[in-house]
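# Notes for the structure review
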Amino acid sequence: MSQHNDRTEAEQIRESLPSLSADEVRAYLLAHPDFVTNDAELIAELVPARDNGRNVVDMQHFVIGKLQRQVRTLRDIQSDLIEASSLNSLAREQVHTATLAMLDARNFEDFISYVTSPDGLAAALDLRAAAICIETANGIHPIGAGSVHVLEAGGVTRMMGGDMAYRLAPNVQGSRGLYGDLASGVQSEALVRLDFSRISPPGLLALGGATPEQFHPDQAVDLLEFLARIVERSVRRWLDLPPKL
């Protein structure tokens, strides 16, 4: 009696479901091709593994191949994300170390020496070279530090290629005007505009990479901008300059 009741209930449920023709089901599947191929469990139920005769399409083999390719793609994406995260973490640690060293400078000359020396900022960031430039007028050096490069009026905009806050370039030939004797080893660079004060001309922080792709336009610039803001504030503090507008 129980089995009879169960069959009756099952029949009632089936009768209550909307009726779909084979053409309607086919049309839906054609309009939603991923409905089946993205459901591995459904495929396993509909198309169990079996030996196929000639001229018979092995749907399960096709779907499993597609799912395997999707898994490989996801693994590649995960690997790239993990690698990028590790590199970003390393970069943060390097910038934090460099920032603390700049804040520990005993005087202005010590600060400039750290930023521009090969064993200073460049070594901390694993770069080939680093330099500070500042615009001047009439050939007068505006801040009196021999290792700071002097640019003509408008020189920052000229070097940046426009009125931009930063420029990252791969595959470059280092400029001796920026990097001196280390220029031959510079193969990529990051240029970041410096605005020291409302009463001083603009400047430039130049970072020369040791490899062709160490700097490139697709990189995030938050750490570079942070570093530039530290340089600006340090210069203002040592020279007692008013803040920028």
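Anyway, here's the lowdown on the structure attached to this text.

Conventions and cut-offs
- Residues numbered from 1 in each chain as written.
- Predicted model: local features only at pLDDT ≥ 70, side-chain atom pairs only at ≥ 80, totals over all residues.
- Heavy atoms only, no water.
- Buried < 20%, exposed > 50% of the residue type's maximum accessible area, 1.4 Å probe, protein only.
- Helix = DSSP H or I, 4+ residues; strand = E, 2+ residues; numbered from the N terminus.
- Polar contact = N/O pair within 3.5 Å; in protein donor to acceptor, adjacent residues only side chain to side chain.
- Phe/Tyr/Trp six-rings, centres within 6.5 Å; stacked < 30°, edge-to-face > 60°.
- Lys NZ or Arg CZ within 6 Å of the ring centre and 35° of its normal.
- Expected span 1.5 Å × (residues − 1).

### As for helix 6 (residues 108-116)
All of the buried residues in helix 6 are Phe-108, Phe-111, Ile-112, Tyr-114, Val-115 and Thr-116. The N-cap of helix 6, judged by a side-chain oxygen 3.2 Å from the amide nitrogen of Glu-109 a few residues on, is Asn-107.

### What to know about the packing of aromatic side chains
Applying the stated criterion across every chain yields a total of one aromatic pair. Across the ring face of Trp-238, the terminal group of Arg-237 is positioned such that the distance to the ring centre comes to 4.6 Å.

### Digging into helix 10 (residues 222-239)
Over its 18 residues, helix 10 extends 26 Å from the first C-alpha to the last, a length consistent with the 26 Å expected when each residue adds 1.5 Å. Those residues of helix 10 lying buried are Leu-224, Leu-227, Ala-228, Ile-230, Val-231, Glu-232, Ser-234, Val-235 and Arg-236. Positive phi shows up at Asp-240, right after helix 10, with a value of about 55 degrees.

### Thoughts on unusual backbone geometry
Leave glycine aside and you will find that most residues have negative phi; peptide bonds, for their part, are mostly trans. We note that Asp-126 has phi near 60 degrees; this positive angle belongs to a residue other than glycine. Among the structural elements, Asp-126 can be located in the loop between helix 7 (121-124) and strand 1 (129-135). In this model, Asp-240 sits at a positive phi of 55 degrees, which is unusual for a non-glycine residue. With respect to the element layout, Asp-240 can be found in the segment after helix 10.

Just geometry here; none of it tells us what the structure is for.
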